[in-house]
2 protein chains.
Amino acid sequence: MSDVRLRLDVAYDGSDFSGWAVQPERRTVQGELETALRRVFRLPAVSTTCAGRTDAGVHARGQVCHVDVPAETAEAVRSWEELTGRLARALPTDLRVRRVALAPPGFDARFGALWRRYAYRLCDEPAAADPLRRHEVVAWRRPLDVSRMNDAAPGLLGEHDFAAYCRPREGATTVRTLQELSWQRRPDRIVEARIVADAFCHNLVRALVGALIAVGEGRFDVGEPRRILDARTRDSRVLVVAPHGLTLEEVGYPADAELADQSRRTRTVRGPL
Amino acid sequence: MSDVRLRLDVAYDGSDFSGWAVQPERRTVQGELETALRRVFRLPAVSTTCAGRTDAGVHARGQVCHVDVPAETAEAVRSWEELTGRLARALPTDLRVRRVALAPPGFDARFGALWRRYAYRLCDEPAAADPLRRHEVVAWRRPLDVSRMNDAAPGLLGEHDFAAYCRPREGATTVRTLQELSWQRRPDRIVEARIVADAFCHNLVRALVGALIAVGEGRFDVGEPRRILDARTRDSRVLVVAPHGLTLEEVGYPADAELADQSRRTRTVRGPL
């Protein structure tokens, strides 16, 4: 009997995980998720693929993954809601599967994704400090000028080689398309970045945020983040900010009919895993 | 030299505190706060009074307290912002002083308060589960009918003897005025109660919430919470719900000119501490 593919929508508090990807001797999101899936499905092994392999300490509200299971395993599921409940009981409380369902034909959580949206959150005012949010909001001791940060951000939008802002990986391109990068001071005074790209290379969001924070503090002029981008080499003045301010909020996919095409296109552009 | 009174606006994640009030051998909010105040002010002892003595596990975003310090200690403060920063560094990260300033004449954090506003939060849908909020949102396994809960709530409003919903305390009245009690399902699907009263007796919010949850689940009819109130005796069917869903959000005080009058009125009605 053949395999069928399931789509899982996953949320986690990254504080106590060594990131997404399985590592020996470490508590990882993938490791805990696969343990729960093996137990609930009574399978000897399962292998998950996710849209955004988050680093240690990074959170997710909108992570998407897929897993292939034998068709008879999927057919034995009484209802997806009931399965979600069983997964909830098998998972630790810092990791939740919000939804699980049969994936549409051609679905690939990683290569089928059109875009990933991240948020980065900071609190630069003691009066706005919220201890209940301290795991996902970085306390910043100097005041940030959000309007300056928004003046600097558009210079980074579009398709670029982001080598200056990435930790390079052998044989992988650092060309990405940054679709959105904007800052707001929310009504509760939290400073929040919204960052959307087709995909992100390693450390990219946290380095971009670091460069824009330098603008917000007045250490960089508004044109500096773009000049650093154009130089295409890493700049030691750019701080890679703390992971716990970062949350993967949403992953976008094309309409079901386009899924297979999108996966093929992505594989061609970005090369094999 | 005489003492001067400071007002402190305080927020905390109650998860790791044995409640507000100092207890020997326990980590409490008051204990940690007074330790930080002693250190920052270099005083041998300080004594704080708060508006709402929260139980173990209960959070606060809008707790208010006062502390009396020698006038020369207050005069040595260069700026209240700078003092807030020093307190932030002296406090653990789950406890923040958002603001500290000279209290207006006649201010008393406890007896001067006109009302306390609490929120209680539940998540009854796996699809809305947010692990980053698990410390302040109670996961509820059965679906809640918010509209039924809102039908039952008005029957509890007004001045009543809330003995049926309180853990009694020797010599203290259980008469309170419940000013607001309403439920909403927020855009993120979290079920949230907004509860305002002149003051709360012990366990009152959590017992009222427990009774209304029974209505939301269909175990109680809409009139039952009021019938229990009128019986004036504790009812074992009313669950005192978990503390971690509860947050003290705000405390209201009269205009500065009325402060002394309000404190006098409250002391008369509720008797000595």
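Residues numbered from 1 in each chain as written. Chains lettered and ligands numbered in written order. Predicted model: local features only at pLDDT ≥ 70, side-chain atom pairs only at ≥ 80, totals over all residues.

**Observations regarding the overall build of chain A**
Point 1. Counting its regular elements, chain A contains 7 helices and 10 strands.
Point 2. Against the globule reference of 19 Å for 273 residues, chain A gives a C-alpha radius of gyration of 20 Å, in line with a compact fold.
Point 3. For the C-alpha atoms alone, the extent of chain A along its principal axes is close to 60 × 45 × 35 Å.
Point 4. Residues counted as buried form 40% of the 273 residues belonging to chain A.
Point 5. A separation threshold of at least 6 residues defines the contact pool for chain A, and within that pool the share at least 24 residues apart is 72%. (Helix = DSSP H or I, 4+ residues; strand = E, 2+ residues; numbered from the N terminus. Rg over C-alpha atoms; globule rule 2.2 N^0.38 Å. Buried ≥ 20, exposed ≤ 12 C-beta atoms within 10 Å, placed from the backbone. Contact = placed C-beta atoms within 7 Å.)

**With respect to the interface of chain B and chain A**
Point 1. Listed by partner, the interface residues are 23 residues for chain B and 23 residues for chain A.
Point 2. Taken together, the elements giving at least two residues each to the side of chain B that touches chain A come down to strand 1 (3-12), strand 3 (59-70), helix 3 (80-90) and strand 4 (95-102) of chain B.
Point 3. For the side of chain B that touches chain A, the element with the highest residue contribution is strand 4 of chain B, accounting for 4 residues.
Point 4. Per-class residue counts for the side of chain B that touches chain A are 9 nonpolar, 5 polar and 9 charged. (Nonpolar A, V, L, I, M, F, W, Y, C, P; charged D, E, K, R; others polar.)

**Details of the pairing of strand 10 (residues 246-252) of chain A**
All names here are of chain A.
Point 1. Bridging between strand 3 (residues 59-70) and strand 10 involves 2 bridges; their strand directions are parallel. Within the sheet, the bridge partner assigned to H59 lies in strand 10 and is T247.
Point 2. Pairing between strand 5 (residues 115-123) and strand 10: 6 bridges, direction antiparallel. Pairing of R117 across the sheet is with E250, part of strand 10. (Pairing = 2+ DSSP bridges.)

**Quick look at the relation of the copies chain B and chain A**
Point 1. The transformation that overlays chain B on chain A combines an axial shift of 0.0 Å with a rotation of 180°, and the residual RMSD is 0.0 Å. The operation mapping one copy onto its partner corresponds to a two-fold rotation axis. Of every C-alpha in chain B, the one belonging to R133 of chain B sits nearest the axis of rotation, 4.1 Å from it.
Point 2. Looking at chain B, 100% of its interface residues are interface residues in chain A too, so the copies touch through the same face. (Least-squares fit on C-alpha atoms with pLDDT ≥ 70 in both.)

**A word on unusual backbone geometry**
Point 1. Although it is not a glycine, R232 of chain A sits at a positive phi angle of roughly 60°.
Point 2. Looking at the secondary structure, you find R232 of chain A in the loop between helix 6 (224-231) and strand 10.
Point 3. Unusually for a residue other than glycine, R42 of chain B sits at a positive phi of about 50°.
Point 4. When you line up the elements, R42 of chain B lands in the loop between helix 1 (29-41) and strand 2 (48-50).

**Things to note about the confidence of the model for chain A**
Point 1. Per-residue pLDDT for chain A has a mean of 94; in total, 98% of the residues score no lower than 70.
Point 2. The ipTM for the predicted assembly is 0.91, set against a pTM of 0.93. (pLDDT = per-residue confidence, 0-100.)

**Quick word on the nonpolar core**
Point 1. Formed by 146 residues in total, the largest nonpolar core has its most connected members in L208 of chain A together with L208 of chain B.
Point 2. Leave out the neighbours within four places in its chain, and L208 of chain A touches L156, Y165, L181 and I195 of chain A. (Core = buried A, V, L, I, M, F, W, Y, C linked by C-beta atoms within 7 Å.)

**So, the environment of T177 of chain A**
Residues and elements named next belong to chain A.
Point 1. Along the chain, T177 falls in strand 8 (residues 175-185).
Point 2. Remark: the alpha-carbon pair of T177 and V58, spanning 119 residues in sequence, is separated by 22 Å.
Point 3. Those residues in contact with T177 that sit more than four places away from it in its chain are G158, E159, A197 and D198.

**As for helix 3 of chain B**
Residues and elements named next belong to chain B.
Point 1. Of the positions making up helix 3, those classed as buried are L83, T84 and L87. Axial view of helix 3: buried residues confined to an arc of 105°, hence all on one face. Facing away from the buried side of helix 3, by more than 90 degrees, are the exposed residues E82 and R89. (Arc of directions from axis to C-beta.)

**Notes on the domain arrangement of chain A**
Residues and elements named next belong to chain A.
Point 1. As assigned here, chain A comprises domain 1 (3-112) and domain 2 (115-250).
Point 2. When each unit is reduced to the centre of its C-alpha atoms, the spacing between domain 1 and domain 2 is 28 Å.
Point 3. The residue makeup of the side of domain 1 that touches domain 2, split by class, is 4 nonpolar, 8 polar and 3 charged. (Domains from an automatic or database assignment.)

**Here's the deal with the packing of helix 5 (residues 204-217) of chain A against helix 6 of chain A**
Residue and element names in this part refer to chain A.
Point 1. Contact geometry of helix 5 with helix 6 gives a least axis separation of 9 Å together with a crossing angle of 145°. Contact residues: helix 5 offers A211, L212 and V215, while helix 6 offers E224, P225 and I228.
Point 2. The class makeup of the residues in the contact of helix 5 with helix 6 is 5 nonpolar, no polar and 1 charged. (Axes fitted to C-alpha atoms, helices over the stretch in contact; angles between N-to-C directions.)

**Looking at the pairing of strand 8 of chain A**
Residue and element names in this part refer to chain A.
Point 1. With 4 bridges connecting them, strand 7 (residues 158-161) and strand 8 associate as antiparallel partners. Looking at the pairing, H160 lines up with R176 of strand 8.
Point 2. Strand direction decides the pairing type here: strand 8 and strand 9 (residues 191-197), joined by 7 bridges, are antiparallel. Looking across to strand 9, one finds that L181 is bridged to I195.

**So, helix 5 (residues 204-217) of chain B**
An α-helix turns once every 3.6 residues. As a result, residues three or four positions apart point the same way.
Point 1. An ideal rise of 1.5 Å per residue puts 20 Å on 14 residues; helix 5 of chain B measures up with 20 Å between its terminal C-alpha atoms.
Point 2. Here helix 5 of chain B lies mainly inside the structure; 13 of its 14 residues are buried. (Expected span 1.5 Å × (residues − 1).)

**Here we look at the packing of helix 1 (residues 29-41) of chain A against helix 3 (residues 80-90) of chain A**
All names here are of chain A.
Point 1. The contact between helix 1 and helix 3 brings their axes to 9 Å, and the two run at 125°. With respect to helix 3, the axis of helix 1 lies oblique. Relative to helix 3, the crossing made by helix 1 is right-handed. Contacts between helix 1 and helix 3 involve A36, R39 and V40 from the first element and R86, L87 and A90 from the second.
Point 2. Here the contact of helix 1 with helix 3 is composed, by residue class, of 4 nonpolar, no polar and 2 charged. (Parallel < 35°, antiparallel > 145°, perpendicular 65-115°, else oblique. Left-handed = near helix turned anticlockwise from the far one by under 90°.)

**Here's the deal with the environment of R232 of chain B**
Point 1. When the 13 C-beta atoms within 10 Å are taken as the criterion, R232 of chain B is described as partly exposed.
Point 2. Non-local contacts of R232 of chain B, meaning those with residues more than four positions away in its chain, are made with D161, A163 and A164 of chain B.

**Some words on the environment of E224 of chain B**
Point 1. Residue position: E224 of chain B is located in helix 6 (residues 224-231).
Point 2. Separated by 204 residues in the primary sequence, E224 of chain B and W20 of chain B have C-alpha atoms spaced 32 Å apart.

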